[in-house]
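Read off the chains here:
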Amino acid sequence: MKTMFRVLSGLFIYVFVLFTFSSFNSQSGPSSAKLRTIVIDPGHGGIYTGTANGLISVEKDITLEVSLKLGEAIKAKFPNLKVVYTRTTDATVNNATNLKDDLHGRAQIANQAKGDLFISIHVNSTPQHAGGYYEKRVIGHKKKLVYVGKGSKKHKKWVNAPIYESYWVKNTRIGTETYIWKADRNSFKGDAINQRDEAESGEDVTDSAAVAEEAFDLSSPEARMRAQLYEKKYFDNSALFATLVEESFAASGRQSYGVKQRDKGIQVLQATGMPSVLIEIGFLSNKEEEEYMNSDKGQAEIVENILDALSRYKDEVETGIPAPSPVNLQSDSSTSK
Ligand SMILES: [Zn+2]
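Residues numbered from 1 in each chain as written. Predicted model: local features only at pLDDT ≥ 70, side-chain atom pairs only at ≥ 80, totals over all residues.

Colleague: Go over the overall build of the protein chain with me, naming the residues and quoting the values.
Modeller: Across its full length, the protein chain carries nine helices and nine strands. In the protein chain, which comprises 337 residues, the proportion classed as buried is 36%. In the protein chain, of all internal contacts separated by at least 6 residues, the share reaching a separation of at least 24 is 78%. (Helix = DSSP H or I, 4+ residues; strand = E, 2+ residues; numbered from the N terminus. Buried ≥ 20, exposed ≤ 12 C-beta atoms within 10 Å, placed from the backbone. Contact = placed C-beta atoms within 7 Å.)

Colleague: Quick rundown of the packing of helix H6 (residues 221–251) against helix H9 (residues 296–319)? Include the residues and the values.
Modeller: Where H6 meets H9, the axes come as close as 8 Å, and the angle between the chain directions of the two elements is 140 degrees. In terms of orientation, H6 lies oblique with respect to H9. For H6 against H9, the interelement crossing comes out right-handed. Contacts between H6 and H9 involve Asn-237, Leu-240, Phe-241, Leu-244, Val-245, Ser-248 and Phe-249 from the first element and Asn-305, Ile-306, Asp-308, Ala-309, Arg-312, Tyr-313, Glu-316 and Val-317 from the second. (Axes fitted to C-alpha atoms, helices over the stretch in contact; angles between N-to-C directions. Parallel < 35°, antiparallel > 145°, perpendicular 65-115°, else oblique. Left-handed = near helix turned anticlockwise from the far one by under 90°.)

Colleague: Explain helix H8 (residues 287–294) residue by residue, including any values.
Modeller: Turn by turn, an α-helix covers 3.6 residues, leaving residues three or four places apart pointing in a common direction. Within H8 the residues assigned to the buried category are Glu-289, Glu-290 and Met-293. The buried residues of H8 occupy an angular sector of 105 degrees when projected down its axis, which confines them to one face. The secondary structure elements touched by the buried residues of H8 are helix H2 (59–77), strand S3 (117–124), strand S8 (276–283) and H9. (Arc of directions from axis to C-beta.)

Colleague: So what's going on with unusual backbone geometry? Which residues, and what values?
Modeller: In this structure, Asn-94 is a non-glycine residue whose phi angle is positive, near 55 degrees. With respect to the helices and strands, Asn-94 occurs in the loop between strand S2 (82–85) and helix H3 (99–112). Unlike most non-glycine residues, Lys-114 shows phi in positive territory, near 55 degrees. By the secondary structure assignment, Lys-114 is in the loop between H3 and S3. Exposure remark for Lys-114: the 18 C-beta atoms within 10 Å place this residue in the partly exposed category.

Such coordinate-based values are descriptive only and should not be taken to indicate function.
Right, dumping it as C-alpha cells:
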C-alpha cells in the first residue's frame, strides 16, 4: 500500500510539473508575457543623497529627474502601459528613516503594483575627487644643505633632495553599466515572487498582513517549484532587458561596461517579484559626464536609450520570438554606488 502511495504521489508531482511547465510556457495567468505595468525606481532620495562625489550635483536629484522623464516618455509612446514610481519627490519611500525600510518600501510598491518590469535608476562615481585632482611627481633632484645632529654635534650636510611637480589628474572614468541580481541558492527570489503572485490573485484581500504571511510560505514543494520557474524566467528577462539597455547606450556613443551581477547594494532587485534591473547611467565624478547627466539634452538621450531598449524588450517578450542571448555578463564586486 505504501509503495502504491509513493507511485501515486510521484505521478502526481510529475503531472504537476508537466502542468506547471505547460501553463508557464503558454503564458497564461500571472506568467502572461504581456507588459502592463512598469515600475520606475529613482535611486535614493530625502536623507539619502546617493553619491555626492560630483562638482555641481548629487545622485538623488539626477535619478529623480531622469526617472520622471522616463515615465512620461513611456506613457507617451505606450499609452496602454501603466507607470508606477517608487517616489516622485525628494524624500525616502514612505518617509522611511532607515535604509532597510526605504528599500523594503520600494519593493513593496513594485510588488503591490504587480509590476512586470522594475527599472531602478542610479548614478555611479569613483572614490577619487570629482572632476580631477592634483598629484605630485618627482622630476629630478637637487643638492640641499641641511643641519643634522643635536647640540654640539650639530653640523651642516649636503643631501640629495627630490624636486616635485604638481600635476592635474583628470577623473576620466565615464560610462554606463546595468546590474541584475545574482541568481544562486543564496539569493532566491522565491519569496518576492510569491508575494507578487498573491497580489496578482488577491484583488479582494484587504488584510495585507495576512497576504504577506501566506506569501512567504514556500514550504510546499509545489510552491517552491513554481517560484523557481518564475525565477528562471525573471532572470532571463532581466538579463535580456539589461543587455538591450546597454546596447542602446553603446549605440548612441556612450561608454558601456555591459551587464553585471552584484550581491551588495542591489537587494531591491531581489525583493521584487518581477524582472528587475539597476541602471547606472553615468559617473558623477567625471566633470563632463556630470554636466551631461544634469543637462536637458543628456537626460533626453538617456531616456531615449532606455525607451529604445524597452521597445525592443516589449517586442521580444510579447511576440515570443527568441531573444538574443545576453552577452558580456561580468561578475563585479566593486563598491560603486
Ligand atoms: Zn545609487
